[in-house]
Amino acid sequence: MCPLAHPAQDPPLLPSQLSLDPSGPEWDCPLGSKDLEEEGPWGGGSGLPPTGCFPGSWRQDVGLDCKGSPEGAEARAWTVYYYSLLQSCLQQAGLPETQDRSQVPRTGNMLLCLSPAWLMKVPAPGQPGEAALLVSKAVSFHPGGLTFLDDFVPPRRATYFLAGLGPGPGRGREAAELARDLTCPTGASAELARLLEDRLLTRQLLAQQGGVAVPATLAFTYKPPGLLLGGDASLGLRLVELSGKEGQEMLVKEEVEAFLRSEALGDILQVAVKLSGWRWRGRQAWRLHPRAELGAVVDTVLALLEKLEEEESVLVEAVYPPAQLPCSDGPSPGPGLAVRICAVVCRIQGDRPLLSKVVCGVGRGDRPLRHHNSLPRTLEVALAQCGLGEEAQVAAVRQRVKAAAEAALAAVLALEAGLSAEQRGGRRAHTDFLGVDFALTAAGGVLTPVALELNGGLCLEACGALEGLWAAPRLGPAADEAVAAPLVETMLRRSARCLMEGKQLLVVGAGGVSKKFVWEAARDYGLQLHLVESDPNHFASQLVQTFIHFDMTEHRRDEENARLLAELVRARGLKLDGCFSYWDDCLVLTALLCQELGLPCSSPAAMRLAKQKSLTQLHLLRHHGPPWPAPSLHAVPCCPLESEADVERAVHQVPLPGVMKLEFGAGAVGVRLVEDAPQCHEHFSRITRDLQGEADHPGIGLGWGNAMLLMEFVEGTEHDVDLVLFGGRLLAAFVSDNGPTRLPGFTETAACMPTGLAPEQEAQMVQAAFRCCLGCGLLDGVFNVELKLTGAGPRLIEINPRMGGFYLRDWILELYGVDLLLAAVMVACGLRPALPTRPRARGHLVGVMCLVSQHLQALSSTASRETLQALHDRGLLRLNLLEEALVPGEYEEPYCSVACAGPSPIEARLRLLGLCQGLGIDGPSYPVAHFLSHFK
């Protein structure tokens, strides 16, 4: 992902925009189940190459013929084969497809527009007063640092717009006009910029709403903006409203004298007098005066008053001297060094602020330190230059800067939430990132960051300049993270929401209480959902645009049901953009229905292959490649069981101990460790007797029958890998760790995210999950793959060809800001989700499952649903409710998951253990400490 480019200083940032309109070629994704089942890696023995070896998606109409040298059919087939082999290798390595530049237009999703003439606004139908933004020309960014100057015919529609704004020279005014009242999300507007550039308003906001230290300030204002609430002397802010710009000499003198003598200034020796307001953005309209020179300060204030216009002010503020750092070796013989700290903070998922990067400027303490007059450096280097090198003290300063910067953006976002669309410059205008300038002062012996001002791009530019130090080869290590990464993530997320708003989606199967988030998220994203569900009284029937009651519990009739459902959809005149399911039972039916309706989806053959657990393993065991490593390395020997005779044969084919489970089961219901033949027969008989059909245990796959399988038991730690695939390409992967189960059962006990595996092991797990999905022909969708990490590498437990269940979507959204549900519906609509290449977790979550059989007393008292929800609302734990009723049974699924967050897995684990002990979840028969022992 390429960060947006920013010019150095003047003119202001030029318009840049992000467009995610699908404009690439149609992808052809053939999958022949017969081809996939050819014996051996090379298929038959004819002179033609094997077919169907490379399940993937790339252009087939590339110019492979050599002019003047036509190939015969057989030679042509081998050329196509080797080209496909190359593309498959590139695909699995995460590299771009080979491009035929003569046929494929160069396009990009991150576009930089250098001139307003490259953009145009057109009225949006059905949205009075709003306009769509179209781009006709742009610089497009490509992986590997490639850029192209592209023309778009027809113009592309922008799905996000971030503009450089300003009243000064350059194109700021034109950019501001382009950004106003757009139908696409915008990351800034002239109206919001005016608020942020008003030092008086922002200082009052930071001090009163954010609890952020600001300079002691005396403000004289003429017709102040309506958002000002009045000065608060206790916070060092004093607001004086003037009736006019003339005849104010006595009032000004009295107020300035009182301010210069006030305790709010402490031991400050200098004050600055400056103008505040949008017009004065970036101008040097200020003067320094010794605190003792009352007359000079008053004269400067009176002179500047003459320049005031409505909603502007004159500020008299404290100028902080260089902080005497704790480790300094005595007083400096010169003026000392001053530090100016720039912090970039971004708005992330859930409208929460996140510090992206900190960069510093260092200069003489007797001169103003401003942007562009000092070289950028890291906080650690800057503090070391000033004499502070002790690691704990530097960490403390960084933490205070982080808290203050994030509090600043939180206060700004709270202010914006109360503004009308007109006040924001459009209903989709929001501040997505903020630069906060701090001075470092020593107050009471503690180094404290004092917020001087907010800015839109200067701090981002300074951080980018610091990253540029490492751009040349062999100069040193790469920067830890790009400052623009969280901002780009926000751009992509808002862009995706724009693309999906109003999309018509058919959902097959509503699921239970654990999937309630789907309906809330759909409303938030503006999706129009149409539901097919077997239960006519399901609560979700009242939450969708269209409800189709259809009995689909007998999944042996899926092909017939798909045809009937397609007829119902057409009869109702539904114009669908996509169709998807997150419910295990309905995945094959959904693929068949998509095939009937001509909608994007992985093929029914691939879904059947992944749905039946023994078929998955046996197919992958035969999948030896190329390319290598082959999925067969990760498959586990197994044997399907439909009768007692199958059990007898299986115990001689599969090494024991083994694991017996339902072929189409879910939630680990009925899964058991079996150590010998008698245990195998006993468990098969029990399941055959107790779980015969859907009514015996709804929602675990018994609509497919109760056939079982026996697979080899492999030792190792268990992990989930949640993948997002589009066109056979891996877009994102998230690995979590599971705790030890309570053998002989396999119901999940505990989990941790992100994984604690070493990076190489994590990469092995991701690639194993990816290769297994590709090996089954799963090319498009969000998939959950369960694996074990053994001494010989990853081994597959099973593939769930849908979004991960239980807590996984919630945890990934919380830690990474990536919504698997949004990714799933985008893929279902044929849109490639734009996801961060290397998402970084924003903390750690460690959780345990609560079971009715083990926790009925606690769940009815100390850990009741109401108690857990109250703790969740207070941020003390994270609750994911998986069932509604406290009904014990022999074959059970977890009732809920409770988790604690922390900056490290150790801290999160200790918090959770203490919480479980206090709530009565921990006990001799359910030793939470043991279940969390893997997460050290």
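Residues numbered from 1 in each chain as written. Predicted model: local features only at pLDDT ≥ 70, side-chain atom pairs only at ≥ 80, totals over all residues. Heavy atoms only, no water.

J.: What am I meant to see in the packing of helix H16 (residues 604–611) against helix H17 (residues 613–621) here?
T.: When two helices pack together, you describe them by how their axes are tilted relative to each other and by the distance separating the axes. At a minimum axis distance of 5 Å, the contact between H16 and H17 shows a crossing angle of 105°. Judged by the inter-axis angle, H16 sits roughly perpendicular to H17. Here H16 contributes Arg608, Leu609, Ala610 and Lys611 to the contact with H17, which in turn contributes Lys613, Leu615, Thr616 and His619. In the contact of H16 with H17, the residues fall into three nonpolar, two polar and three charged. (Axes fitted to C-alpha atoms, helices over the stretch in contact; angles between N-to-C directions. Helix = DSSP H or I, 4+ residues; strand = E, 2+ residues; numbered from the N terminus. Parallel < 35°, antiparallel > 145°, perpendicular 65-115°, else oblique. Contact = heavy atoms within 4.5 Å. Nonpolar A, V, L, I, M, F, W, Y, C, P; charged D, E, K, R; others polar.)

J.: Quick question: what am I supposed to make of empty space enclosed by the protein here?
T.: Empty space among the atoms can be located by rolling a probe the size of a water molecule over them. This model, assessed by the stated rule, comprises seven cavities of 30 Å³ or more. Taken as a whole, the largest cavity spans an internal volume of roughly 230 Å³. Phe580, Ser581, Met607, Asp780 and Gly781 are the residues nearest the centre of the largest cavity, which is lined by 20 residues in total. Put simply, the parts of the chain that give the lining of the largest cavity at least two residues each are strand S19 (578–580), helix H15 (587–597), strand S27 (781–790) and helix H22 (820–828). (1 Å grid on protein atoms, 1.4 Å probe; cavity = no way out; pocket = protein on both sides within 12 Å on 5 of 7 lines; lining within 4 Å. Points joined across faces, edges and corners; volume = space filled by probe spheres on them.)

J.: Before we go on, may I ask you to explain unusual backbone geometry in this structure?
T.: For residues that are not glycine, phi is negative in most cases, and the peptide bond is trans in most cases. For the bond from Val153 to Pro154, the omega torsion is 0°, close enough to zero to count as cis. Relative to the assigned elements, Pro154 resides in strand S5 (residues 146–157). The phi torsion at Glu311 lies on the positive side, around 70°, for a residue other than glycine. With a relative accessible area of 42%, Glu311 lands in the partly exposed category. Positive phi outside glycine occurs at Phe806, with the angle close to 55°. (Buried < 20%, exposed > 50% of the residue type's maximum accessible area, 1.4 Å probe, protein only.)

J.: For this particular structure, what's the right way to read the pairing of strand S4 (residues 131–142)?
T.: Sheet faces and side chains relate simply in a regular strand, where the side chains alternate between the two faces. Burial of S4 is extensive: 10 of the 12 residues sit out of reach of the surface. In the sheet, strand S2 (residues 110–112) pairs with S4 via two bridges, with the strands oriented antiparallel. What sits directly across from Leu112, in S4, is Val139. Pairing geometry for strand S3 (residues 119–123) and S4, over five bridges, is antiparallel. Bridging across to S4, Lys121 finds its partner in Leu133. (Pairing = 2+ DSSP bridges.)

J.: What am I meant to see in the environment of Pro128 here?
T.: Considering the arrangement of structural elements, one finds Pro128 in the loop between S3 and S4. For Pro128, a relative accessible area of 80% corresponds to the exposed category. Linking Pro128 and Asp181, residues 53 residues apart in sequence, is a C-alpha distance of 10.0 Å.

J.: Whenever I open this one, the side chain of Asp737 confuses me. Can you help?
T.: Tracing the backbone shows Asp737 in strand S25 (residues 729–738). It turns out Asp737 is buried and unbridged, and the closest side chain with the opposite charge, Arg909, is 11 Å from it. A distance of 2.7 Å separates a polar side-chain atom of Asp737 from the backbone nitrogen of Gly756. (Lys, Arg positive; Asp, Glu negative; His and termini not counted. Salt bridge = Lys/Arg side-chain N within 4 Å of Asp/Glu carboxyl O. Polar contact = N/O pair within 3.5 Å; in protein donor to acceptor, adjacent residues only side chain to side chain.)

J.: Sorry if this is basic, but what is going on with the pattern of salt bridges here?
T.: Counted under the stated rule, the structure contains 32 salt bridges. Between Arg261 and Glu257 there is a salt bridge, with its nearest N and O atoms 2.8 Å apart. Of this pair, Arg261 and Glu257 both sit in helix H6 (residues 249–261), separated by four residues, roughly a single helical turn. Accessibility expressed as a relative area gives 25% for Glu257, which makes it partly exposed. When the shortest N-O distance is used, the salt bridge between Glu554 and Arg556 registers 3.1 Å.

J.: Looking at this structure, how should I read the sheet that holds S27?
T.: Two modes of strand pairing occur in sheets, parallel and antiparallel, and in both the strands are linked by backbone hydrogen bonds. Read across the open sheet, the eight strands follow the order S28-S27-S24-S25-S26-S29-S31-S30; overall the sheet is antiparallel. The open sheet is flanked by strand S28 (793–800) and strand S30 (878–881), the only strands paired with a single partner. With direction set aside, neighbouring strand axes in the sheet form an average angle of 25°. Note: strand S26 (residues 750–753) against strand S29 (residues 844–850), four bridges, orientation antiparallel. In the strand pairing of S29, Cys752 is matched with Val846. Sheet contacts for helix H24 (residues 865–873): S30 and strand S31 (896–902); angle to S30, the most-contacted strand, approximately 135°. Of the strands in this sheet, S26, S29 and S31 touch helix H25 (residues 905–919), which is tilted by about 135° from S31.

J.: Help me understand the state of the cysteines in this model?
T.: What we call a disulfide is simply a covalent bond connecting the sulfur atoms of a pair of cysteines. Evaluated as defined, the whole model comprises zero disulfides. Cys459 provides the cysteine sulfur closest to Cys463, a residue in no disulfide bond, and the two sulfurs are 6.7 Å apart. There is no disulfide at Cys773, and the cysteine sulfur nearest it, in Cys772, is 7.2 Å away. (Disulfide = S-S within 2.5 Å.)

J.: How should the confidence of the model for the protein be read in this particular structure?
T.: Low pLDDT marks regions whose predicted coordinates should not be analysed in detail. Summing up the model confidence of the protein, the mean pLDDT is 84 and the portion of residues at 70 or higher is 88%. Element-level pLDDT for the protein is lowest in helix H1 (residues 33–36), with a mean of 30, against a maximum mean of 97 in S26. For the stretch residues 1–45, pLDDT sits under 50, and the model shows 127 contacts to residues farther than four places along the chain or on other chains. (pLDDT = per-residue confidence, 0-100.)

J.: Looking at this model, I keep getting lost on the packing of aromatic side chains. Mind explaining?
T.: When we look at a pair of aromatic rings, we describe it by the centre distance and by the angle of the planes. On inspection of all chains with the given rule, the structure shows six aromatic pairs. Note on Phe713 and Phe746: the rings are 6.3 Å apart at their centroids and 55° apart in plane angle, and the pair reads as tilted. With Phe713 in the loop between strand S23 (708–712) and strand S24 (717–726) and Phe746 in the loop between S25 and S26, this residue pair connects regions lying 33 residues apart in the sequence. The pair formed by Phe713 and Phe746 is uniform in burial state, with each residue classed as buried. Stacked on the ring of Phe152, the Lys or Arg Arg156 has its end atom at 5.4 Å from the ring centre. One Lys or Arg, Lys516, reaches over the ring of Phe539 and ends 5.2 Å from the middle of that ring. (Phe/Tyr/Trp six-rings, centres within 6.5 Å; stacked < 30°, edge-to-face > 60°. Lys NZ or Arg CZ within 6 Å of the ring centre and 35° of its normal.)

J.: Can you help me understand the sheet that holds strand S9 (residues 270–276) in this one?
T.: Taken in spatial order, the five strands of this open sheet run S8-S7-S11-S9-S10, and their pairing is mixed. Taken across any chain shown, the strands that pair with only one partner, and hence form the sheet edges, are strand S8 (237–242) and strand S10 (286–290). Strand-to-strand, the axes of this sheet are offset by a mean angle of 20°, without reference to chain direction. Packed on one face of the sheet, helix H7 (residues 294–305) meets strand S7 (217–222), S8, S9, S10 and strand S11 (312–319) and runs near 5° to S9.

J.: What's the story with the packing of helix H5 (residues 199–210) against helix H9 (residues 391–417) in this structure? I'm lost.
T.: Their axes nearest at 9 Å, the elements H5 and H9 cross at an angle of 100°. Between H5 and H9, the angle falls in the class roughly perpendicular. Touching Leu205, Leu206, Gln209 and Gly210 of H5 are Ala407, Ala408, Ala411, Val412 and Leu415, all from H9. Residue composition of the contact of H5 with H9, grouped by class: seven nonpolar, two polar and no charged.

J.: Would you mind going over helix H23 (residues 852–859) with me for this structure?
T.: Because an α-helix completes one turn every 3.6 residues, residues spaced three or four positions apart along the sequence face the same direction. By the burial criterion, the buried members of H23 are Val852, His855, Ala858 and Leu859. Considered in projection along H23, the buried side chains sweep an arc of 125° and stay on one side of the axis. Each element contacted by the buried residues of H23 is listed here: S29, H24 and H25. (Arc of directions from axis to C-beta.)

J.: I would appreciate a short explanation of the environment of Met803 in the present structure.
T.: Along the chain, the position of Met803 falls in the loop between S28 and helix H21 (808–816). Exposure remark for Met803: the relative accessible area of 4% places this residue in the buried category. For the pair Met803 and Leu723, spaced 80 residues apart in sequence, the C-alpha separation works out to 8.5 Å. Contact partners of Met803, with chain neighbours within four places excluded, come to Phe517, Tyr582, Val782, Arg809, Leu820 and Leu821.

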